[in-house]
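What the coordinates show
Spelled out, the chains give:
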Amino acid sequence: MQTRLPRLVGGMLLAVAAVAAHADNWPSRPIHFVVPFGPGGANDLVARYVAEAAARELGQPIIVDNKPGAGSVLGAEVVAKSAPDGYTFLAPAAGVITNAMIKKNMPYKEDDLVPVVLMAVSPSVIVVPPDSPIKDLKDLIATSKKGQGLTFSTAGTGSTPHFVAAMLKYKAGARLEAIPYKSGSEGVVAVIGKQVDATSEGSPVVLPQIKGGKLRPIASTWNRRVAALQDVPTAEEQGFKDLVIGHWAGLFAPKGTPEDILNRMNAAVNKALKSSELRARLVPQGIDPQGGSREDFRKFLAAEKARLAPVAKAAQMQAD
């Protein structure tokens with residue numbers, strides 16, 4: 001026992017030294033951003049734009065890997081179980097905190113993923129068909145209380161549109177039936193085809209349809225107006241202060257990733273988000289660049305959990 005202890009301590013010291021040396025040399029090869037959704041969505045766009053700009057800061061390519069499935073759980077599990085060496089990061093949306101609210105069995109623990117930085121927010125925009133008699137949120141709520149109520153498409157249980165529908169129902173008194181689709185894009189198509197009465201989706205998804213006259217926006221659900229839709233008031237401006245939610249994109253790392261690497265990635269993303277080139281790509285699509293410290297991101301996540309957990313409980317959200 002006495003001979004093994006010095007060897008054990010020595011081994012631990014060598015391991016610590018190896019990690020420190022590895023962090024000093026980071027990055028020495030390509031980095032991967034795992035997006036737990038298919039290509040083309042708001043999170044995928046943000047991840048790709050930020051990856052390209054941050055790669056120039058770090059001097060190594062950043063490859064975006066799409067790993068959709070199980071409401072973003074599949075991609076999150078891949079990163080949570082990856083080596084904490086600074087070469088694999090997760091670029092998820094709100095599901096990274098809301099999935100645990102609606103799923104009984106998760107394949108990883110919440111603290112297996114470490115917050116690095118909040119990259120951007122795509123405000124959710126509530127939309128109706130262009131010939132709908134609904135002009136604003138008060139109209140939507142009043143109309144919903146007539147007859148059989150209104151239908152509201154979502155991207156599935158626990159998605160941001162589902163939370164918007166639940167907030168309208170449980171905080172504003174609307175009479176809505178949430179209709180789940182496989183994706184936000186499919187939910188938007190359902191509104192265009194008049195299979196449902198309304199939906200909400202991230203600004204990059206609905207902006208082209210709004211500009212093309214296929215949808216009409218009645219409110220945005222972030223804390224300020226969408227830059228590309230300055231004439232569309234927020235829900236709060238229309239008297240619904242509790243209806244605040246956005247499609248955010250953050251960056252997480254596996255637990256155990258060296259602090260120096262986390263800080264350097266945070267700094268690289270922050271610098272990238274301040275560049276006029278990246279902002280010129282994001283802002284016209286209604287995407288609001290964020291940034292900030294790791295602590296800022298932790299506080300944001302804590303506030304989102306505290307706000308959304310009661311909504312999930314009131315709506316009795318359960319995994320599909």
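Anything mentioned here points back to the structure above.
These numbers come from a predicted model, not from an experiment. (Residues numbered from 1 in each chain as written. Predicted model: local features only at pLDDT ≥ 70, side-chain atom pairs only at ≥ 80, totals over all residues. Heavy atoms only, no water.)

1. Side note on the overall build of the protein
The condition is simple: Here a strand is any run of E in DSSP of at least two residues, a helix any run of H or I of at least four, and the numbering for each starts at the N terminus. Residue exposure (1.4 Å probe, protein chains only): buried if accessible area is under 20% of the type maximum, exposed if over 50%, otherwise partly exposed. Contacts are residue-level and defined by heavy atoms, with any inter-residue pair within 4.5 Å sufficient. Here the Shrake-Rupley method, with its probe set to 1.4 Å, supplies the accessible areas, and only the displayed protein chains count as covering residues. Positive residues here are Lys and Arg, negative ones are Asp and Glu, while His and the chain termini are left out of the count. Taken as the charge location is NZ of Lys, CZ of Arg, CG of Asp or CD of Glu.
Helix and strand content of the protein: eleven helices and ten strands. When the backbone C-alpha atoms are referred to their principal axes, the protein occupies close to 80 × 45 × 30 Å. Split into buried and exposed, the 320 residues of the protein put 50% on the buried side. Partitioning the intrachain contacts of the protein with sequence separation of at least 6 by distance along the chain shows that 79% fall at a separation of at least 24. Carbon and sulfur atoms make up 54% of the accessible area of the protein, which totals about 14,600 Å². Side chains of the protein give 37 positive and 29 negative charges; the mean places of these two sets differ by 3 Å.

2. Remarks on the packing of aromatic side chains
The description of two aromatic rings rests on the distance between their centres and on the angle between their planes. So the rule is basically this: Pairs were defined over the aromatic rings of Phe, Tyr and Trp, the Trp ring being its six-membered one, requiring ring centres within 6.5 Å. Orientation was assigned from the angle between planes: stacked under 30 degrees, edge-to-face over 60, tilted for the rest.
Using the criterion set out here, one finds five aromatic pairs in the structure. When the ring of Trp-248 is compared with that of Phe-297, the centres are 6.0 Å apart and the planes differ by 85 degrees; the resulting orientation is edge-to-face. Of this pair, Trp-248 sits in strand E9 (residues 246-254) while Phe-297 sits in helix H11 (residues 294-314), and the two are 49 residues apart along the sequence. Phe-297 matches Trp-248 in its accessibility class, with the two residues each being buried. Of the aromatic side chains, those joined through ring pairs into one cluster are Trp-248, Phe-252, Phe-297 and Phe-300.

3. Things to note about the pairing of strand E5 (residues 150-154)
Quick note on the threshold: Only when DSSP finds a minimum of two bridges between them are two strands counted as paired. Handedness of a crossover: with both strands directed away from the viewer, a clockwise path from the first strand across the helix to the second marks it as right-handed.
A large share of E5 lies buried, amounting to five of its five residues. Along E5, one buried face is formed by Leu-150, Phe-152 and Thr-154 and the opposite face, lined by Thr-151 and Ser-153, is buried too. As judged from the five bridges shared by E5 and strand E6 (residues 176-180), these two strands associate in the parallel manner. Counterpart to Thr-151 in the pairing with E6 is Glu-177. After leaving E5, the chain enters helix H6 (residues 160-170) and then returns to the sheet as E6, a path that is right-handed.

4. Side note on the nonpolar core
Most often, soluble globular proteins keep nonpolar side chains buried together rather than apart. Filter applied, for reference: Only buried Ala, Val, Leu, Ile, Met, Phe, Trp, Tyr and Cys residues count toward a nonpolar core, and they belong to the same one when joined by side-chain atoms within 4.5 Å.
Ile-31, Phe-33, Phe-89, Met-119, Leu-251, Met-265 and Val-269 are the most contacted members of the largest nonpolar core, which has 37 residues in total. Every element with two or more residues in this core is listed here: strand E1 (31-35), helix H2 (42-58), strand E2 (62-66), strand E4 (113-128), E9, helix H9 (259-273) and helix H10 (276-282). The element that contributes the greatest number of residues to this core is H2, accounting for nine residues. Other than its neighbours up to four places away in sequence, Met-119 contacts Val-46, Val-50, Ala-91, Ala-249, Gly-250, Leu-251, Val-269, Leu-273, Pro-289, Gln-290 and Gly-291. Membership of the second largest hydrophobic core comes to 29 residues, among which are Ala-165, Ala-174, Ala-219 and Ala-315.

5. Describing H6
Helical geometry note: an α-helix holds 3.6 residues per turn, so side chains three or four residues apart project in the same direction. Here H6 lies mainly inside the structure; nine of its eleven residues are buried. Among all positions in H6, only Thr-160, Pro-161, His-162, Phe-163, Val-164, Ala-165, Ala-166, Met-167 and Leu-168 are buried.

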